[in-house]
Amino acid sequence: MSSTSLHVLLFNVRGLDLRWQEVLLLISAFKFDALILVETGEFDISFHQKIFKDYRLLYQKGENRNGGVLILIKESFSISRVSCSIPNICVVDIKGEDNLRIIGVYAPDSKSWSWDDLSAFVSSKCVIYGDFNVDIMDDGKKADTLLHWADDQSLAHVVPNSHTSLRSNRVIDYAFIKGLNLDIQKIAKNELNIFYATQLDNLIRLRNSSSSSSFWYRSKRFFKPSSSSLYGFIDTSGQIVKECDRMCNLAADYYENFFKASTIFRPHPYTDSPPTVFDNISESIPEVTLDELLNTVISKKKKKSLDAHGLSNHMFNFLDLNYWSLLLNLYNHSFQKSILPSAWKDTRMILLAKKDSICPPSLTRPISLLDSFQKIGEKLFLTRFCDLLARRGLLSDSQSGFRDHFRLQTRLLLFLEDIYSLMSNSAPVCTVFVDFRAAFDQLWYLGCIGKLRNLGIPSSYLNWIEAWLINRRCYIEINGCKSRWFSIEKGGPQGSVLTPTLFITYNCDMNISLSGCISHFFADDLAGILAGQLGIKYSSQCLDLEKRIKTFLDCLEYYSCLTDQPINLNKTEAMFTARAIGLPSFDIHFSHGTKESINWVSEYKYLGYIISSKLGWNSYG
């Protein structure tokens, strides 16, 4: 309801513990000066005092667990509560030149009091808002009783034009006024209708827009899974295994070995170099506020896939309000002391076949289902970590993956522009597309912590990241059968929002290490562009390009060993681009390992787009 001086919401909330998020949204949308919430049910008032921190809360409990009236008044108003012992009746005076009395009413059929009991609280200038559970036009004797009492108190009723009951076409939520020259235009139902209609309109516009989300919404039903269902394993002897328990054991053996820590020769520059003292070494991780925690939970997709303990994000819809303050303290304690509950680091892993439905465990794609509570903590930490990275300027502009304001399309256009620029000077160009093998799953814990320390990441952040990475364990589930638990000793938690950012930070200096080339990064995708010397004949340019490629590959190989980030030699390919026709006459290969030649290709699928050696655009990937 609104007037020239006061904007008030009357809302039959029907259980505040379930619908407090709607109240928050309404406050954000309409900036109410006061709210009268009726039929609140039982709730934790201390929790809501933190949520509605800009308001003073005045509560009168009801006669059963579903009743209750809560009035919220902005802190900027001077108020005094009027003592009232009647259940479901809350009375407050707003002080000013003339005091205005607001009375919140919830009147179920089972109420133990009568309208006459309210007479003592009617002042010369007052408004009574509420759910009266009486339709003035249709409820006959009940309506006559209420209107007779209102006439005795010189109260005028103000009724909305549309029904307010969810179960019928009755109008039972309205107001009575006395001594006020107010233009009361609408009550909560109308405001909510406008709000929901606006939200619906926005959703319809989005659904019918040309945005990417609209595209995927329309097209996803036409896609088929790219991975086959897993029906069996081929063991080391070539036998097919289809029993679930044996499949789990085979997969657990493979992935336990896969996630074993690598052997690193020490001393190592990341872990054993003298520490550098930075001015921010004592910087602490900022505390989490209740609003931030709630917004983070609301923003999470409420998927129903279960973690290792049988919980899912969907359960946050039903979490008792008493736990939110506990979780807030728990996350803040975790950030301050670098402690995480061990159960939060347990992972449930399911497997998909990459191609054939019967295959060795090595040809499966693991899907890790992380702890639901830990995913909230990771999101909260990521916000703080990204802010720190931005302040220190650690991430290169050549890296576009998993960063705000760095788009894939922009990276692709910059990549093409660099090649065009070099070709315009008649230089032969080689682009090496490097594939790192299981990049996120190869993260070396101690090396990562040591390198971040050398980059000036404060100890509080390092200690939390270390606690988050170490002592993780996992089990594999196939068709309801579970494997034994096994340790994960390397790699960032798969599916975590923090893992990609940690990976690109760990490798933020790769472009500096790869001298003599133009580097383009998108997460773990690397495209290195090299060109022959300008101003000499073409054959000499090709010889010079061959030398530059050799130097590039040597530097890349050294960096790979230094970071324990293995390169997938079979998937690393090169593309030659020049005005001349044909492929180069020289071979390129890494100095160590199998020394197999890197394949020259005439086209390559880069960031979802197929690019040819003549820089033409083929089909969208």
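Structure: see above.
Residues numbered from 1 in each chain as written. Predicted model: local features only at pLDDT ≥ 70, side-chain atom pairs only at ≥ 80, totals over all residues. Heavy atoms only, no water.

(A) Quick look at the overall build of the protein. Counting secondary structure elements, the protein contains 16 helices and 26 strands. When the 621 residues of the protein are sorted by exposure, 50% land in the buried category. Restricting to contacts in the protein with at least 6 residues of sequence separation, those with at least 24 account for 69%. (Helix = DSSP H or I, 4+ residues; strand = E, 2+ residues; numbered from the N terminus. Buried < 20%, exposed > 50% of the residue type's maximum accessible area, 1.4 Å probe, protein only. Contact = heavy atoms within 4.5 Å.)

(B) Molecular detail of the pairing of strand β16 (residues 429-435). Among the seven residues that make up β16, six are buried, leaving the element largely enclosed by the rest of the structure. Bridge count for β16 against strand β21 (residues 525-531) is seven bridges, and the pairing is antiparallel. From the neighbouring strand, Val429 faces β21, where its bridge partner is Ala531. The pairing of β16 with strand β22 (residues 573-577) spans five bridges and is classified as antiparallel. (Pairing = 2+ DSSP bridges.)

(C) Quick look at the sheet that holds strand β9 (residues 156-158). In spatial order, the strands read β5-β6-β7-β8-β10-β9; together these six strands make up an open sheet with mixed pairing. Looking along the sheet, the strands with just one partner apiece sit at the ends: β5 (79-82) and β9. With strand direction ignored, the average angle separating the axes of adjacent strands in the sheet is 20 degrees. Relative to strand β7 (residues 100-106), strand β6 (residues 89-94) is paired through six bridges, and the arrangement is antiparallel. Following the sheet pairing, Cys90 is matched in β7 by Gly104. (Axes fitted to C-alpha atoms, helices over the stretch in contact; angles between N-to-C directions.)

(D) Looking closely at the pattern of salt bridges. Inspection of the entire model under this criterion finds 17 salt bridges. Residue Arg101 is joined to Asp93 by a salt bridge in which the shortest nitrogen-to-oxygen separation is 2.8 Å. Overall, Arg101 belongs to the buried group, its relative accessible area being 15%. We classify Asp93 as buried; its relative accessible area is 11%. For Asp387, the salt bridge identified is with Arg391, shortest N-O distance 3.0 Å. Highlighted residues: Asp387 and Arg391, both in helix α10 (residues 372-392), separated by four residues, approximately one helical turn. Residues joined by salt bridges that share partners form a network here, namely Asp253, Glu256 and Arg484. (Salt bridge = Lys/Arg side-chain N within 4 Å of Asp/Glu carboxyl O.)

(E) Here's a closer look at the sheet that holds strand β4 (residues 69-74). Strand order across the open sheet formed by four strands is β1-β2-β4-β3, with mixed pairing between neighbours. The strands lining the two open edges of the sheet, one partner per strand, are β1 (8-12) and β3 (55-60). Ignoring which end each strand starts from, the neighbouring axes of this sheet average 15 degrees apart. The sheet contact formed by strand β2 (residues 34-38) and β4 spans five bridges and is antiparallel. Its bridge partner lying in β4, Leu35 is registered against Leu72. Relative to the sheet, helix α1 (residues 16-30) contacts β1, β2, β3 and β4, its axis offset from that of β1 by approximately 155 degrees.

(F) Fine view of the side chain of Thr431. Inspection of the secondary structure puts Thr431 in strand β16. Beyond its immediate sequence surroundings of up to four residues, Thr431 is in contact with Phe415, Ile419, Ala527, Gly528, Ile529, Glu573, Ala574 and Met575.

(G) Representation of α1 in the model. At Glu22, α1 shows its strongest bend, of approximately 25 degrees. Listed in full, the buried residues belonging to α1 are Leu16, Arg19, Trp20, Val23, Leu26, Ile27 and Phe30. In the segment just after α1, Lys31 is the residue with positive phi, at about 55 degrees. (Bend = angle between axes of the 7 residues up to and from the residue.)

(H) Inspection of the environment of Leu319 at higher detail. By the element assignment, Leu319 lies in the loop between α8 (290-299) and α9 (322-337). Residue Leu319 is classed as buried on the basis of its relative accessible area of 18%. Here Leu319 is in contact with Trp324 and Leu327, once residues within four sequence places are set aside.

(I) View of a negative patch on the surface. Negative charge collects at one region of the surface, where Asp116, Asp117, Asp151 and Asp152 lie side by side. Among the secondary structure elements, Asp151 is positioned in helix α3 (residues 140-152). The exposure class assigned to Asp151 is exposed, which follows from its relative accessible area of 55%. (Patch = residues over 30% accessible without salt bridge, like charges linked within 9 Å, V, L, I, M, F, W, Y side chains within 5 Å. Areas by Shrake-Rupley, 256 points an atom, 1.4 Å probe, with all protein chains shown as cover. Lys, Arg positive; Asp, Glu negative; His and termini not counted. Charge placed at Lys NZ, Arg CZ, Asp CG, Glu CD.)

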